[in-house]
Amino acid sequence: MAKIKVETSLVLIYSTLMAVWHRELDINHISIPLAVPTILGTIISLLLAFRSNQAYDRWWEARIIWGSIVNDSRSLMRQMQSFISDPDYSVNVNRFIERFGNRQIAWAYSLGRTLRGQQAFEEKELWLTAEERIWAGKHSNVPNALLSLHARDIRTAFQSEWINPYQQVELDRTVTRLCDSMGKCERIKNTVFPTTYSLYIHFALYLFIVLLPFGLTASMGFVQVPLMVAISSAFLLIEKMAIYLQDPFENKPTDTPVTAIAQTIERDLRQMMNDDTRTPQAEKQRSSEREMEQVYYVL
């Protein structure tokens with residue numbers, strides 16, 4: 001209710017004034033058939049149902065995409081560890097795999113931040129080397145730049161004969177799936193819900209609120225005030241819910257929890273690299289953000 005307190009207050013004032021106006025001036029003859037706002041309310045219900053479904057589809061698609069990112073991140077790390085041939089347990093190979101895994105963690109965090117319009121990585125990003133930070137910082141799309149570094153390392157592993165051509169293809173396919181997931185998130189982020197549709201819903205909803213007292217006051221008197229507030233609040237809440245769900249990357253309480261998902265990727269990849277320690281990166285995440293990223297509706 002906090003999200004529609006202004007609209008609810010205006011409806012309360014309007015319905016109260018209408019009730020007083022009809023009673024003091026004795027103009028109950030100025031009314032309209034209740035069927036008129038009823039028909040309009042039915043139309044609004046259909047419009048809101050369509051918008052709510054479309055908004056939820058966008059939110060759910062975003063969640064599915066990030067679920068795929070988790071799976072592909074795990075697969076990429078597992079492939080790097082299992083494909084690379086290192087019979088001598090070379091320090092260079094171990095560092096190569098660790099750098100690759102750290103970069104994938106950085107990619108997950110940077111993608112979530114980029115989608116929310118935030119800085120892609122901190123000035124002293126823990127997961128990237130100094131050279132990688134400088135190189136990626138020159139690109140407008142940092143996550144895409146990090147995937148390019150992935151591809152470069154895969155080519156290096158192939159040229160060093162750590163992997164064979166078939167393994168190179170499989171690694172490249174996994175990176176490609178990550179790139180596809182990134183593109184799908186960007187599509188959701190950059191596709192704006194039609195403005196004309198929103199304006200039409202607003203117009204129909206406000207017209208319904210304006211006409212409803214003329215159909216209720218003559219028969220209900222002051223009882224129509226709480227009834228007006230209840231009916232209007234129901235429609236307004238549904239519309240507000242749809243508005244929040246349709247943009248899952250706007251850093252709102254109903255967002256797809258991209259930071260929490262990135263932390264899951266961080267935890268799993270570090271464990272796969274035999275590093276179970278609690279990382280500074282996870283410690284820096286605000287506890288308030290974790291609470292906000294729980295999937296619930298603030299209405």
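Model, not experiment: these values are computed from the prediction. (Residues numbered from 1 in each chain as written. Predicted model: local features only at pLDDT ≥ 70, side-chain atom pairs only at ≥ 80, totals over all residues. Heavy atoms only, no water.)

## What to know about a nonpolar patch on the surface
At step 1: On the surface, Val6, Leu10, Ile13 and Leu17 cluster together into a nonpolar patch covering about 410 Å² of accessible area.
At step 2: Within the secondary structure layout, Val6 lies in helix α1 (residues 5–25).
At step 3: Taking relative accessible area as the criterion, Val6 reaches 54% and is therefore assigned exposed. (Patch = residues over 30% accessible without salt bridge, like charges linked within 9 Å, V, L, I, M, F, W, Y side chains within 5 Å. Areas by Shrake-Rupley, 256 points an atom, 1.4 Å probe, with all protein chains shown as cover. Salt bridge = Lys/Arg side-chain N within 4 Å of Asp/Glu carboxyl O. Helix = DSSP H or I, 4+ residues; strand = E, 2+ residues; numbered from the N terminus. Buried < 20%, exposed > 50% of the residue type's maximum accessible area, 1.4 Å probe, protein only.)

## A look at the nonpolar core
At step 1: By size, the foremost hydrophobic cluster in this structure holds 47 residues, and its most contacted members are Trp66, Ile69, Ile84, Trp107, Leu146 and Phe249.
At step 2: Contributing elements (two or more residues each) for this core: α2 (35–83), α3 (91–115), α5 (142–159), α6 (165–190) and α9 (258–272).
At step 3: It is α3 that provides the largest number of residues to this core, a total of eleven residues.
At step 4: Ignoring anything within four residues of it in the chain, the contact list for Ile84 reads Gln79, Val93, Phe96, Ile97, Trp162 and Ile163.
At step 5: Counting residues in hydrophobic clusters, the runner-up holds 20 residues, among them Val11, Phe193, Ala204 and Leu237. (Core = buried A, V, L, I, M, F, W, Y, C linked by side-chain atoms within 4.5 Å. Contact = heavy atoms within 4.5 Å.)

## Description of the pattern of salt bridges
At step 1: All chains considered together, the criterion is met by eleven salt bridges.
At step 2: Across the salt bridge formed by Asp247 and Arg58, the nearest N and O atoms sit 3.4 Å from each other. Taken together, the positions of Asp247 in the loop between α8 (224–245) and α9 and Arg58 in helix α2 put the pair 189 residues apart, joining distant regions of the chain.
At step 3: Owing to a relative accessible area of 12%, Arg58 belongs among the buried residues under this scheme.
At step 4: Between Arg173 and Glu170 there is a salt bridge whose closest N-O contact spans 3.0 Å. With Arg173 and Glu170 both in helix α6 and three residues apart, this pair spans about one turn of that helix.
At step 5: One network of salt bridges, in which partners are shared, links Arg99, Arg103, Glu132 and Asp153.

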